[in-house]
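Structural features, examined
Chain by chain, the residues run as shown.
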Amino acid sequence: MQFPENFNKIENNQMLFFWWICQHYYLLRPIPSNSLPLVELKEDPDPIFDPKERDFNETALKSILGDFDSRFLSVLPPTEDKHTGNDETDDFGIQNPGGVLPKEIRAVDFDIQFGKKHKPSKKLKRRLQQWLWAYSFCPVAYTWTDLGNRFWPRFLREGSCLSKRSCSVPEGMVCKPANSTHLTILRWRCQRKGGLKCEWIPVQYPIITDCKCSCSS
């Protein structure tokens, strides 16, 4: 394991109890659902199954759809964005989660015993808490996806888990989907019964809403 360069300023005994803290928190990480990530949709490429211009009456489609959440749904191509919450970084270049410090980290015992019992300063304790929280933080990255002309609204904002590096100490765990929700959209469905008959039908589309640090296998 490699510590950030800034840690060479911390006394040796402080580095040792920091390592112990990380080992302890490693065992506290929750286990996310294994039913994610979501399966990619596959469509018949034959254009005969595509809706025509007359089938895109926005007033009628909104009536069928009902609730329209503009945060995650768009009829027109939206401005591309990737949002993972707080974009600020700490002194080590790691993204700050923001919000309230999780109780699991607040509850970690920072006292160490090397002959004489030592307690870290409040400033150091807070600094280590923030670094550990940021290192194990798994934000959801949202991007707009074009579902194609057989779905309405055509553009949907999907979530994914960032996995460029390990989120655990020692390394080995990665950010994985832990929870999801469903958005209602319309799908163009065609059936060959006495000729080709097509219509818009409501369907549930799952999106990732939460990511957590989990075993990579």
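Residues numbered from 1 in each chain as written. Predicted model: local features only at pLDDT ≥ 70, side-chain atom pairs only at ≥ 80, totals over all residues. Heavy atoms only, no water.

**Side note on the environment of Gly 66**
- Assignment of secondary structure puts Gly 66 in the loop between helix H2 (58-65) and strand E1 (73-74).
- The class of Gly 66 is partly exposed, set by a relative accessible area of 45%.
- Residues Gly 66 and Ile 185, spaced 119 residues apart in sequence, show a C-alpha to C-alpha distance of 9.3 Å. (Helix = DSSP H or I, 4+ residues; strand = E, 2+ residues; numbered from the N terminus. Buried < 20%, exposed > 50% of the residue type's maximum accessible area, 1.4 Å probe, protein only.)

**Quick notes on the sheet that holds strand E4 (residues 140-146)**
- Ordered by their spatial adjacency, three strands build an open sheet running E1-E6-E4, and the pairing between neighbours is antiparallel. In this open sheet, the two edge strands, each paired with only one partner strand, are E1 and E4.
- As defined by bridge partners, E1 adjoins strand E6 (residues 155-161) across two bridges and the pair is classed as antiparallel. Each bridged residue has a counterpart across the sheet, and for Ser 74 the counterpart in E6 is Phe 155. (Pairing = 2+ DSSP bridges.)

**Quick notes on unusual backbone geometry**
- In this model, Trp 152 is joined to Pro 153 through a cis peptide bond whose omega is -10°.
- Mapped onto the elements of the fold, Pro 153 is located in the loop between strand E5 (151-152) and E6.

**Here we look at the state of the cysteines**
- Counted according to the given criterion, the structure contains four disulfides.
- Across a sulfur-sulfur distance of 2.1 Å, Cys 138 and Cys 175 are joined as a disulfide pair. Since a negative S-S torsion denotes a left-handed disulfide, the Cys 138-Cys 175 link at about -80° is left-handed. Pair noted here: Cys 138 is in the loop between helix H4 (122-136) and E4 and Cys 175 is in strand E7 (residues 173-192), with a separation of 37 residues, a long-range link. The same class applies to Cys 138 and to Cys 175, which are both buried. (Disulfide = S-S within 2.5 Å.)

**Considering the nonpolar core**
- One finds Leu 156 and Ile 185 to be the most contacted residues of the largest nonpolar core, which totals 21 residues.
- Elements with a minimum of two residues in this core: E4, E6, E7 and strand E8 (196-215).
- Per element, the largest residue contribution to this core is seven residues, and it comes from E8.
- Leu 61, Trp 152, Leu 186 and Cys 190 belong to the second largest nonpolar core, which has eight residues in total. (Core = buried A, V, L, I, M, F, W, Y, C linked by side-chain atoms within 4.5 Å.)

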